[in-house]
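Residue-level listing of the chains:
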Amino acid sequence: MHIAVVGSGYVGLVAGACFADLGHTVILVDNDEQKLAALKAGQVPIHEKFLPELVQRHRGSRLKYSDDLQEAVRASKAIFIAVGTPPTEQGEADLSYVESVARSISGAIEDYKIVVEKSTVPVYTSDWVRKIMLRNAAPPDCFDVASNPEFLREGTGVTDFLYPDRIVIGADTEPCASVLREIYAPLTDGSYYERPTAVPRPDRAKIPPPLIVTSAKSAELIKHASNAFLAMKISFINAVASVCESVGANIQQVCQGIGTDSRIGNRFLNPGIGYGGSCFPKDLMAFRAVARECGYDFRLLDEVMRINEEQRLRFLRKVRSALWTLRNKRVGVLGLAFKGGTDDIRESPAILLIRSLLQEGCTVAAYDPAAAERARAQLNSNVEFVNSAYEAAADADALLILTEWEEFATLDLDRLHKQLKYPIVIDGRNLYDPELMAARGFTYYSVGRPTAMQENIPDNTSPLKKNTKS
Ligand code: UGA
């Protein structure tokens, strides 16, 4: 199948490289000259596992880059729109890039093609794309518009694409559905997984993945509702973690107890400092906005967002209760990315927390294995970017863990202890066992679990209930 993918961001680049790996011929179109030049030179501008290998494998053969949208459309049977849909000031999705692509491709539709929304878009976008294309003289019988939402997580995008829990095809006509079925056939018939070059199978992968065919509108809603539900799960568990802190219970035990109910499940039940990233915050606002426009006031989403913000503020209060005053304190920070495994700092709770700490007069030494470059542009010169967790801890009044990078969970605790001015660790991601931390001489705060500390240090200033351990 000849495929054009418009937009070479996280979704477009991963989808393009994966379609090529399935055996299709892909033209990835972007109008950002710098980005295109980098891609053509073999560079991969984002931190995604397996993406460099796939790009290297198919570049110049099944994966080509171009700035000529019309030519790419003429050469393709399916055109995937994967351009940005950033939030407007009112929180709605800004669909002007989608509209401009729809307008531009209209003139290049000469024989039957399908136009597929891959970006996250509100319900009714497929109707609008069709309308815009008809207004711009695309022949009505020569195209269909479909929705094929992506459920990839940043950092594991390639694996999520090739080993999806499900593939959702929102197509309103049979010819359109059948083109999409053909594109995903190597996954749904299982043949991709038998290839020696297949990207390694992750745990829990369903092989072959189920294919769900729906109307375009249902598919659009499936994407927004999925992200809203996952965000709700995170806010729910963060709220329960706050109750745990008040009563001296342990959220880890509570999660185990509720997550083993198969109707609930244990994934996305990790409490923390709130969700961030380029998807959940934006998609929740857009979903709420589109629901309101359609006449439904989705207040549950307001509460999910409120809890998320409160979770960050609560963490800041925890830092204050551990350090008392913040002015002129030196704080080591582990993690800048919005989650582990990515260099993305968009809507990162870590960045927002660092800004608050700076405002309160702290100096910050921060370390992140991948996101420092991007963070440098966002934070002022009071942040010192260092090259290891131990450097971040050096002479610090406390060490904060803000991103769940694997390497932060396996630190040499004795070395860390020696580096810190005071052995205080405030962990926003629950990476360590409180008892172990106390035994190794730390005062250790985490989320939804009792604070652990050495017996000889009183901590009667903390609003949290204590569980003093030696
Ligand atoms: C999310 C969804 O998980 C994907 O299915 C979806 O395709 C994607 O948005 C999108 O719409 O494009 P992503 O934003 O990459 O993916 O990251 P997640 O792994 O979902 O994490 C989002 C945030 O929630 C992070 O800040 C993470 O630290 C936080 N989180 C996640 C928790 O606090 N607790 C958890 O248990 C899980």
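Scroll up a little and you will see the structure.
The text that follows walks through the structure, step by step, so that each part is easy to find. (Residues numbered from 1 in each chain as written. Predicted model: local features only at pLDDT ≥ 70, side-chain atom pairs only at ≥ 80, totals over all residues. Heavy atoms only, no water.)

For the rest of this paragraph, the subject is the pattern of salt bridges. Per the stated rule, a full pass over the model turns up 25 salt bridges. E245 is the salt-bridge partner of K318, the closest N and O atoms lying 2.7 Å from each other. Remark: E245 occurs in helix α10 (residues 216-247) and K318 occurs in helix α13 (residues 299-323); sequence separation between them is 73 residues. With respect to burial, K318 and E245 carry one shared label: buried. (Salt bridge = Lys/Arg side-chain N within 4 Å of Asp/Glu carboxyl O. Helix = DSSP H or I, 4+ residues; strand = E, 2+ residues; numbered from the N terminus. Buried < 20%, exposed > 50% of the residue type's maximum accessible area, 1.4 Å probe, protein only.)

Counting 55 residues, the largest nonpolar core has L334, L336, I354, L357, L400, L402 and I426 as the members making the most contacts within it. Examining the composition of this core, we find that six residues originate from one element, helix α14 (residues 349-359), more than from any other. Filtering out sequence-adjacent residues up to four positions away, I354 remains in contact with V333, L336, V364, L379, V383 and L402. (Core = buried A, V, L, I, M, F, W, Y, C linked by side-chain atoms within 4.5 Å. Contact = heavy atoms within 4.5 Å.)

Inspection of α14 places P349, A350, I351, L353, I354, L357 and L358 among the buried residues, and these make up the whole buried set. Each element contacted by the buried residues of α14 is listed here: α13, β9 (330-334), β10 (363-367), α15 (372-376), β11 (383-385) and β12 (398-401). Downstream of α14 by a residue or two, G361 has a phi angle that is positive, lying close to 95 degrees.

Time to look at the sheet that holds β10. The six strands are arranged β11-β10-β9-β12-β13-β14 in an open sheet whose pairing can be described as parallel. Single-partner strands in this sheet number two, and they are β11 and β14 (443-445). Between one strand and the next, the sheet's axes are offset by a mean angle of 20 degrees, whatever the strand orientation. Here β9 pairs with β10 via five bridges, running parallel. (Pairing = 2+ DSSP bridges. Axes fitted to C-alpha atoms, helices over the stretch in contact; angles between N-to-C directions.)

Below, the discussion takes up a negative patch on the surface. Side chains of D32, E33, D67, D68 and E71 sit close together on the surface and give a patch of like negative charge. In this structure, D67 sits in the loop between β3 (63-66) and α4 (69-74). Given a relative accessible area of 51%, D67 falls into the exposed group. (Patch = residues over 30% accessible without salt bridge, like charges linked within 9 Å, V, L, I, M, F, W, Y side chains within 5 Å. Areas by Shrake-Rupley, 256 points an atom, 1.4 Å probe, with all protein chains shown as cover. Lys, Arg positive; Asp, Glu negative; His and termini not counted. Charge placed at Lys NZ, Arg CZ, Asp CG, Glu CD.)

Looking at the ligand, there are 20 residues lining it, with L152, E154, K223, N227 and R429 nearest. Within the side chain of K223, an N or O atom sits 2.7 Å from an oxygen atom of the ligand. Note that an oxygen atom of the ligand is positioned 3.0 Å from one of the side-chain N or O atoms of K339. Protein burial of the ligand: of its 710 Å² of free accessible surface, 93% is covered by the chains. Per-element tally for the shell around the ligand: the top contributor is α10, with three residues. (Near = heavy atom within 4 Å. Polar contact = N/O pair within 3.5 Å; in protein donor to acceptor, adjacent residues only side chain to side chain.)

Glancing now at the side chain of D144. Among the secondary structure elements, D144 is positioned in strand β6 (residues 143-147). In this structure D144 is buried but unpaired, with R130 as the nearest side chain of opposite charge at 4.3 Å.

Right, let's talk about the pairing of β10 for a bit. Here β10 lies mainly inside the structure; four of its five residues are buried. Of the crossover connections in this fold, the one passing from β9 over α14 to the parallel β10 is right-handed. Here β10 pairs with β11 via three bridges, running parallel. Of the residues in β11, the one forming a bridge with A366 is F385. (Right-handed = clockwise from strand over helix to strand, strands pointing away.)

No statement about biological role is implied by the geometric values presented.
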